[in-house]
Each structure stands twice: as structure tokens, then as C-alpha cells.
Amino acid sequence: MNNIFSVKRFALLVRKQWLENYLLFVGSFVVLVAFDFFVLYQNNDWNVNHKPSYFHFNISATYILSLGISAVFILLAYFRIINTHTKQIAYYTQPTSALEKLAATFLFMVPVMLIAFGAALSISIPIMHSMYDSFYHTTTTLFTKEEVSTMKDAILVFLTLQALILLGMHTFKRYAIVKTSIAIIILFIFFFYVLPGMTYNWVLPIEGFRNGSFDTISYLRNHEYGQIVYKGIPYLPSYLVFVCWIALYFKIKEKQL
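In this text the structure is predicted, and so the values were computed from the model without any measurement.

Here the focus is the environment of Phe57. Secondary-structure assignment places Phe57 in the loop between α1 (7-42) and α2 (60-82). Residue classification places Phe57 among the buried residues on the basis of a relative accessible area of 0%. For the pair Phe57 and His129, spaced 72 residues apart in the sequence, the C-alpha separation amounts to 6.7 Å. With residues up to four places along the chain from it excluded, the contact list for Phe57 reads Leu40, Asn44, Trp46, Ile125, Met128, His129, Tyr132, Thr140, Thr141 and Leu142.

As a further point, take the pattern of salt bridges. Going through the model one piece at a time under the given rule, you end up with three salt bridges. Lys16 is paired through a salt bridge with Glu20; the nearest N and O atoms lie 2.6 Å apart. Placement of both Lys16 and Glu20 in helix α1 is noted, with a separation of four residues, approximately one turn of the helix. Judged by relative accessible area, Lys16 falls into the partly exposed class, the value being 38%. With a shortest N-O distance of 3.9 Å, Lys251 and Glu254 are connected by a salt bridge. With Lys251 and Glu254 both in helix α8 (residues 235-255) and three residues apart, the pair spans about one turn of that helix. Note on Glu254: relative accessible area 58%, which makes it exposed.

With that settled, the discussion passes to empty space enclosed by the protein. Counted by the stated rule, this structure contains one cavity of 30 Å³ or more. For the largest cavity, the calculated volume is near 60 Å³. Among the secondary structure elements, those contributing two or more residues to the lining of the largest cavity are α1, α2 and α4 (98-136). The element that contributes the greatest number of residues to the lining of the largest cavity is α2, accounting for four residues. Among the residues forming the lining of the largest cavity, the class breakdown is seven nonpolar, two polar and no charged.

Next up on the list: the confidence of the model for the protein chain. Averaged over every residue, the pLDDT of the protein chain is 80; the share at 70 or more is 80%. Element-level pLDDT for the protein chain is lowest in helix α7 (residues 214-221), with a mean of 48, against a maximum mean of 93 in α1. Low confidence marks residues 205-217, where pLDDT is under 50. Its contacts with residues over four positions away, or in another chain, come to 15 contacts. Here residues 224-234 scores under 50 on pLDDT; set against residues more than four positions off or in separate chains, the count is 28 contacts.

Empty space within the largest pocket amounts to approximately 330 Å³. Around the largest pocket, the lining comprises 16 residues; the ones closest to its centre are Ile82, Gln88, Met169, Phe172 and Lys173. Those elements giving two or more residues to the lining of the largest pocket turn out to be α2, α3 (85-93) and α6 (176-203). Per-element tally for the lining of the largest pocket: the top contributor is α3, with four residues. Of the residues belonging to the lining of the largest pocket, the class tally is ten nonpolar, four polar and two charged.

Moving on: the nonpolar core. By size, the foremost hydrophobic cluster in this structure holds 47 residues, and its most contacted members are Tyr78, Met109, Leu166 and Trp245. Of all the secondary structure elements, the ones that give two or more residues to this core are α1, α2, α3, α4, α5 (145-171) and α8. For this core, the leading source of residues is α4, giving 13 residues. Among all residues touching Leu166, those that are not within four sequence positions of it are Leu75, Tyr78, Thr105, Met109, Trp245 and Leu248.

About the thresholds
Residues numbered from 1 in each chain as written. Predicted model: local features only at pLDDT ≥ 70, side-chain atom pairs only at ≥ 80, totals over all residues. Heavy atoms only, no water. Helix = DSSP H or I, 4+ residues; strand = E, 2+ residues; numbered from the N terminus. Buried < 20%, exposed > 50% of the residue type's maximum accessible area, 1.4 Å probe, protein only. Contact = heavy atoms within 4.5 Å. Salt bridge = Lys/Arg side-chain N within 4 Å of Asp/Glu carboxyl O. 1 Å grid on protein atoms, 1.4 Å probe; cavity = no way out; pocket = protein on both sides within 12 Å on 5 of 7 lines; lining within 4 Å. Points joined across faces, edges and corners; volume = space filled by probe spheres on them. Nonpolar A, V, L, I, M, F, W, Y, C, P; charged D, E, K, R; others polar. pLDDT = per-residue confidence, 0-100. Core = buried A, V, L, I, M, F, W, Y, C linked by side-chain atoms within 4.5 Å.

Right under this line is the structure:
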């Protein structure tokens, strides 16, 4: 018997999770589309008597908030599967391997979430953008280079937070969400404040570490930790997300019955 990965068992597990949560998925998508329309309206000037000096259809806030809502909805669907001791036992005792459980979780948490998120924006943005241009009789662009960079970083940050929360669900027995939130705050403080301070006071004085980039050393000396080159938001999630998913596999395997 193949106890590592079976496509048939994986497909059955995915089907089971879909049947258990499809109403939540469909309802969440409808809410997401409506939410996107609302935020796009609120974050753009629609006052015909007050034309802005610079026409730009703003979608950054909608993008980030919509991504956050998508991550919350998909985590809620997974939380329903393991939110009680009885459900956890049923989850771990079903005849699927740890790798199949991890793959099914990953499927819904990353590809399905991003597809739903993108589909909601694909419905709302073109309609509202067209209305905006018609309203002001202009032809505006959607993305600036800075916005594209911010959007890429936002996806990475949300996927990392999502992976940390999933790991916390399988690590803590009681009050998992609360304990995970506290752990995330502690990690944030450590990487963005404690680690730079330790670097400035203990590492930089060591011979051989003094010739770092000018920006990094300058920011450290002025305690401007939020602007340190090597410690920007995009770099921490780029490897932490993989660590979390690997750790999640071992946590599932450890509890597998």
C-alpha cells in the first residue's frame, strides 16, 4: 500500500473539504467582490466639482485589504475542520497520509485563495476603472512601479502570516489563535527591533563586519531600524514561509494516527 502519496486519496480529500466548505467559499467570494467595489469607490475621488490635480485610479488599498480578507476567509474554512478536539481526531484519523493532508491544505491556502482573490479583482477593477475614466473623461493607468513592488511584497507577507497561523493551529492545543498571534508579535519585535539592536551593539564592532553597506550601517547607528537594507519586509517572509510549511508537515505527521 502506498502510504506516502496517492493521487486518488488526495483527490478524495480535496473533494471532501470542498463539499464541507463550498457554501462558505461561494459566500465569501460574493462578499469579497462586493467589498472590492466598496473600497475602490471609497479610495477614489468621485466628486465632479472637485477634480484632482493628478488623475490616478488608486487600487493599492483595495488590493491589500482584499488579499487580507481572502486569507482570513480561507483560514476560517480550515479552522472549521479542526476547531474542536473531536474534529481534530477525525481529521488525523482519516485514511490519508500526512503529505496528502499538507498538499490539500496548500492547494486551498495558496492557489485557490490567490485565484479567488484575483478573480474578485478582475471583476471589480475593470468596471470601476472604466467608470472612473468616464466620470472624469480621462485615460488613467492602473499600476505604478512602486505599486507593483508593494503588491508583490504584500502577497509574500500575507502568505507568511497565513503559514504561521496554520502552524500555530497545529502546535497549540488550546487558544491556538491567541497564542499564535502573540508569537507573531514577538517574532515581529525580535526581527525588526531586537535583532538590529544586537547587530549594532555586538556584531558591527567585530572586525570584518564594519564594511557593510553604507545604508545598513548608517541606519543602524541612527536606530532607524525600519529602513535597514538587509532587514526589509520582503526578505524575512521569503524564507520564513518555506520554514513554516516544512514545520507544518512534521506537525501533521507527528499527530497522524
